[in-house]
Structures are given as C-alpha cells and as structure tokens.
Amino acid sequence: MIIFNRVAILGAGLLGASLAKALKKRKLVNRVSVWSRSEGTRQKCRLLTDVFDEVCQSPQEAVADADAVVICVPTENIAEIASEISQSLKEGSIVTDVGSVKGVICRDCLEALSGSPAEFVGSHPMAGSEKIGVDYSEADLFENRPCFVVADEITPAAEAISMMWKGVGMRVYGVSAREHDAIVARISHLVHLVAGTLCLTVAGYKRDLRPFSGPGFRDTTRVVSGSPEIWDSIIADNQTEILSALNEFKGSLDELIAAVENLDKPVIAARLRRAKQYRDEMK
C-alpha cells in the first residue's frame, strides 16, 4: 500500500538509508529523494539506484516535491535543517525526525516550521546498532522494534507518520514529548552511560582484562561502540530526566553495595530474582 508518493530522506546514515530501503522493499512509496552533507555518502547513494530515485545537492532540493520529509541527522542539527527547508516544503507535506530526545527537538522544529505550509510530527524509531553509515543500512532494521510518535493530538499527519513506521515493521506508541524523554532516559540513555562507566571501571584495573572477556561483558557493553560524538547534545537536551535516571540507578546500586557489605544473602537473592523475572518477561 502506497502511503506517500514521494519521501525525502535528509541524512543517509544508518537510519536514513535503512528507512529508504525499507520503504522501497515494502512498496510503501513511489519515489525517494535523498540528501547528505557528505559528498562521499551522496556518491554511495547514487549507486543504490533501486533505493534512491534522486540524490540531491541540497536539502531544499530534496524536499521540493516531497509528501513526507524524514530528518535523519544528529540531534543537534535537526532543528537547523528544519529551518533550512521551511520555505521549500510543499503545501500539505509532513516533516518528521528520528531524534532520540523529543522535548527540545519538537519545540524547536515547531518553531522553525511555524511559517511553512508543512506540519511537524516528532518520531523516534528505537532501532540501530553500534555501526553507523549507509554501508551498514538494511531494509529489515526496523522489524518488530518500538517507535515513538509524538503529537499533542491525533491528527491526519500523525496517523500518516504512524502508518509509515508500522509499514516498515515497527510497533508504534503515541506519547507526549515529556513522557518520551522520561522513558528513553531509562531504557536508552541510562543504559549507554552505565555501560560506558562499566568499561571505564574495568579499564582502570591494573592489567588489561579484555583478553579474558566473554559474551557477558561484551554484550553488556556493546552499545558503547556507537559514536560518542552524539552524546553531548543528547545529555544537554535531556539532562533533567537523565539525572533522574542516574540517581535512581545510584540508589539501587547503593542498596546492592550495602547488601554485599553485610553479606545479606536474602536481599541479594531477592534483587536477582526480581531482575530475572523482569528480564524474562520482556517480549
């Protein structure tokens, strides 16, 4: 089922290129235009002739006749791109993004597009990996993964964006920007920061422990191999909720430390049982 005649992808990294592949594979769009800041990435896109119909030199060119625009650049640049394309969008078009923080991004994008003929709907597909770039993109990246769609009310534009994400295989949840930021602070941002701290703790030991590391350590810290450059803006934009999540984690860690210091076996066992039950019930 065709959802949009033409979709513009701004930023052909892992998420942007994977979305283009997914939309074409599932025949959800007729045409896909793409822009990337990097000429090297644009050249790689030109070789994907079954995915990208037009590879554009500017974001304004890419969105000129698009029914939907998906901004897939780093979070600190999303509102900037929205402002750049605001006067190039056609009447009735929809702009969305893939940023991992929604409060600041939705506010700034709504302001940037306030004088345009388009409507903005925030999105956050919870998909990706520690690998980045068009070379690692895949059409099935979004299959059975959660996606947040952020809108103050259910509008035709929000429904259309939800249909797009459902069409590429995602489980879509409608939330407010505040609720989104509280959720991802705990299931994404906290995870990355704690995994990074675990790596630093082990790295501080008197000898290199990496040769002895098995799947447990490797799986637990996998996310840290992602690009560290994106985290300055994520932490700045979601500071309040991230601090709240870190303090909740610190409180739980202090309880564990006290239980270990006192050799309180029942408390330790109860914590591990609760943790196992929570993890085992994940779908």
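**Some details on the pairing of strand 1 (residues 4–10)**
Taken across its 7 residues, strand 1 has 6 buried, putting it largely inside the fold. Of the pairings in the sheet, the one linking strand 1 to strand 2 (residues 29–35) comprises 6 bridges and is parallel in character. Bridge pairing in strand 2 links Val 7 to Val 32. Handedness of the crossover joining strand 1 and strand 2 through helix 1 (residues 14–25): right-handed. In the sheet, strand 1 pairs with strand 4 (residues 68–71) via 4 bridges, with the strands oriented parallel. Looking at strand 4, one finds that Leu 10 is bridged to Ile 71.

**Quick look at the packing of aromatic side chains**
This structure, assessed with the given rule, holds 1 aromatic pair. Pairing Phe 142 with Trp 165 gives two aromatic rings, centres 5.8 Å apart and planes at 55°, and the pair type is tilted. In this pair, Phe 142 is assigned in the loop between strand 7 (122–125) and strand 8 (146–150) and Trp 165 in helix 6 (residues 156–167), connecting sequence segments 23 residues apart. For the residue pair Phe 142 and Trp 165, the accessibility class agrees, reading buried in each case.

**Details of the nonpolar core**
With 39 residues, the main nonpolar core has Phe 4, Ile 9, Leu 19, Phe 142, Trp 165 and Val 168 as its most contacted residues. Secondary-structure elements contributing two or more residues to this core are strand 1, helix 1, strand 2, strand 4, strand 8 and helix 6. When neighbours within four sequence positions are excluded, Phe 142 is seen to be in contact with Leu 15, Ser 18, Leu 19, Ala 22, Pro 125, Ala 127, Trp 165, Val 168, Gly 169 and Met 170.

**Overview of the sheet that holds strand 9 (residues 171–175)**
Taken in spatial order, the 3 strands make up an open sheet running 7-8-9, and their pairing is mixed. If you trace the sheet from one side to the other, it starts and ends with strand 7 and strand 9, each paired once. Going across the sheet, the axis of each strand differs from the next one's by a mean of 20°, ignoring polarity. With 5 bridges connecting them, strand 8 and strand 9 associate as parallel partners. Directly across from Phe 148, in strand 9, lies its bridge partner Tyr 173. Contacts from helix 6 reach strand 7, strand 8 and strand 9, with the element oriented near 170° to strand 8. Packed on one face of the sheet, helix 7 (residues 177–203) meets strand 7, strand 8 and strand 9 and runs near 150° to strand 8.

**Digging into helix 5 (residues 103–112)**
Among the residues of helix 5, those classed as buried are Val 104, Ile 105, Cys 106 and Cys 109. Tucked into the core, helix 5 has its buried residues touching helix 4 (75–85), strand 5 (94–97), strand 6 (119–120), strand 7, strand 8 and helix 9 (231–237).

**Concerning the packing of helix 4 against helix 5**
At their nearest, the axes of helix 4 and helix 5 sit 8 Å apart, and the two run at 15° to each other. Considered as vectors, helix 4 and helix 5 are oriented roughly parallel to each other. Of the two elements, helix 4 crosses helix 5, and the hand of that crossing is right-handed. Contact residues: Thr 75, Ile 78, Ala 79, Ala 82 and Ser 83 in helix 4; Ile 105, Asp 108, Cys 109 and Ala 112 in helix 5. Considering only residue class, the contact of helix 4 with helix 5 consists of 6 nonpolar, 2 polar and 1 charged.

**Description of the side chain of Thr 75**
One can find Thr 75 in helix 4. We classify Thr 75 as buried; its relative accessible area is 12%. Apart from residues no more than four positions distant in its own chain, Thr 75 is found in contact with Gly 99, Ser 100, Ile 105, Ile 230, Ser 233 and Ile 234.

**Focus on the sheet that holds strand 3 (residues 54–56)**
Ordered in space as 3-2-1-4-5-6, the 6 strands form an open sheet in which the pairing is parallel. Two strands lie at the open edges of the sheet, namely strand 3 and strand 6, each paired on one side alone. Contacts from helix 1 reach strand 1, strand 2 and strand 4, with the element oriented near 165° to strand 2. On the sheet, helix 6 packs against strand 1, strand 4, strand 5 and strand 6 and is oriented at approximately 55° with respect to strand 5.

What counts, and where the lines are drawn
Residues numbered from 1 in each chain as written. Predicted model: local features only at pLDDT ≥ 70, side-chain atom pairs only at ≥ 80, totals over all residues. Heavy atoms only, no water. Buried < 20%, exposed > 50% of the residue type's maximum accessible area, 1.4 Å probe, protein only. Helix = DSSP H or I, 4+ residues; strand = E, 2+ residues; numbered from the N terminus. Pairing = 2+ DSSP bridges. Right-handed = clockwise from strand over helix to strand, strands pointing away. Phe/Tyr/Trp six-rings, centres within 6.5 Å; stacked < 30°, edge-to-face > 60°. Core = buried A, V, L, I, M, F, W, Y, C linked by side-chain atoms within 4.5 Å. Contact = heavy atoms within 4.5 Å. Axes fitted to C-alpha atoms, helices over the stretch in contact; angles between N-to-C directions. Parallel < 35°, antiparallel > 145°, perpendicular 65-115°, else oblique. Left-handed = near helix turned anticlockwise from the far one by under 90°. Nonpolar A, V, L, I, M, F, W, Y, C, P; charged D, E, K, R; others polar.

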